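Topology and contacts: notes
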Amino acid sequence: MRRFRSVVFLLLCLPALVFAQQLPIPPVLGAKSWLLIEAASGQELAAQAADQRLEPASLTKLMTAYLSFAALRQGTIKLDQAVPVSQKAWKTGGSRMFIQIGTEVRIEDLLKGMIVQSGNDACVALAEAIAGDEENFAQLMNREAQRLGMKASSFRNASGLPDPQHYTTARDLALLAGALIRDFPEEYAKYYSLKEFRYNKITQPNRNRLLWLDPTVDGLKTGHTEGAGYCLVSSAKRGARRLLAVVLGTASDNQRAQESLKLLNYGFQFYDAVQLYARNEPVSSLKVWKGKENAVKLGFAHDLVLAVPKGFGPRLRTELVSQQPLLAPITRGQVLGTLKVSMDGKPYGEYPVSALEAVEPAGIVGRAFDGIRLWLN
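This one's a predicted model, so the numbers in the text were calculated from it and none came from an experiment.

**Comments concerning the sheet that holds strand β15 (residues 335-343)**
- With respect to topology, five strands assemble into an open sheet ordered β11-β12-β16-β15-β14, the strand pairing being antiparallel. Edge positions in the sheet fall to β11 (284-287) and β14 (316-322), since each of these pairs with one other strand and no more. Ignoring which end each strand starts from, the neighbouring axes of this sheet average 35° apart.
- Bridge count between strand β12 (residues 295-299) and strand β16 (residues 346-355): two bridges; the pairing is antiparallel. Along β16, the bridge assignment pairs Leu298 with Ala355.

Printed below as a string of structure tokens:
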């Protein structure tokens, strides 16, 4: 009888065991922390200590760039605007673009100096142009971090110079990098793939070695301090797919590049991109009560693309879980449900589904009639 029970247990577990054995095994890296995500869905493909708080070094400049691009869009600053170089900006240590006190520098040159040359002096000058001083700018950084969902980050300066209260995580950096690419695609394409920049008769190369090693890599940013080690947030687009890799705390410049490339290649080689729904394609429609319309269509504002182990696409299943009863008014973009994705009966992801259209309230008679129907139901 005991042998029979063991055989039955093995047969019941066999599908799960086969499923686990078929999944690709993520690489092990020589780093403190790392994370690989599918940019379109935010799916995690590989991770190690992704929520460990670490010193970000110059990866901080991703947030400084995000706020700079936002200020340009809002008209707070302009690309051709000349910014006076303060003594604080000029004296800032670490990597520099070598701006000179008593001169003026265009915002666009400061952006290139920050992104390509990793100039700490450029960061301070940008912070002062946008917020008056670096302390006020740090407050903007923390406010924006909270808005983006970076729950484990704290910023104290615009450049990433060491400070006990200046920290982040691989997961938060992936959120930030994804937001930068999504919210400012033109600026990202214009600046982050530049291989060098010349200012003040000094040409400096981009420290992101992957721009030379892999033509599909188009950003993002390196970082290094003694405490942080050598770090790199990188992104590559091959065909329609984009992956984001965060590698923190390697031992050398070469290692951070090689380990990042290892992560990116793993994601592209062992996973397929499966589009479940196109942008604004109805996933379903739901009954609406007390509205001018009796139903509302649900979908996604962006293509829902999932990374799936190669050959596993046909094994995906979806289930829509929605709020009930659904009452008008409903605004376009309002989250009304969750699309639960499973593979071979096991959870594979959950994604919020939003209204593709607005539904205004019905008149007094319509609302009263639906109220009676709801009460009877």
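From this point, the narrative continues.
**Some details on the confidence of the model for the chain**
- Per-residue confidence for the chain gives a mean pLDDT of 88, with 89% of residues at or over 70.
- Summarising per-element confidence for the chain, the mean pLDDT is lowest in helix α1 (residues 2-22) (40) and highest in helix α2 (residues 61-74) (98).
- Confidence drops under a pLDDT of 50 for residues 1-21, and excluding neighbours within four residues, the segment shows seven contacts in the predicted structure.

**Topic: the nonpolar core**
- The biggest cluster of nonpolar side chains holds 63 residues, and the ones touching the most others in it are Met63, Phe69, Ile99, Leu110, Tyr192 and Leu220.
- For Ile99, the contacting residues outside a window of four places in its chain are Val85, Ala89, Trp90, Val105, Leu110, Asp121, Ala122, Ala125 and Tyr199.
- Residues Leu264, Tyr277, Leu304 and Leu326 belong to the second largest nonpolar core, which totals 46 residues.

**Observations concerning the packing of aromatic side chains**
- Within this structure, the stated rule accounts for eight aromatic pairs.
- With centroids separated by 6.1 Å and ring planes inclined at 15°, the aromatic side chains of Phe69 and Tyr191 adopt a geometry described as stacked. Here Phe69, found in helix α2, pairs with Tyr191, found in helix α8 (residues 185-191); they are 122 residues apart in sequence, far enough to count as distant.
- When its relative accessible area of 2% is taken as the criterion, Tyr191 is described as buried.
- Sitting over the ring of Phe312, Arg315 keeps its end group 4.2 Å from the ring centre.

About the criteria used
Residues numbered from 1 in each chain as written. Predicted model: local features only at pLDDT ≥ 70, side-chain atom pairs only at ≥ 80, totals over all residues. Heavy atoms only, no water. Pairing = 2+ DSSP bridges. Helix = DSSP H or I, 4+ residues; strand = E, 2+ residues; numbered from the N terminus. Axes fitted to C-alpha atoms, helices over the stretch in contact; angles between N-to-C directions. pLDDT = per-residue confidence, 0-100. Contact = heavy atoms within 4.5 Å. Core = buried A, V, L, I, M, F, W, Y, C linked by side-chain atoms within 4.5 Å. Buried < 20%, exposed > 50% of the residue type's maximum accessible area, 1.4 Å probe, protein only. Phe/Tyr/Trp six-rings, centres within 6.5 Å; stacked < 30°, edge-to-face > 60°. Lys NZ or Arg CZ within 6 Å of the ring centre and 35° of its normal.

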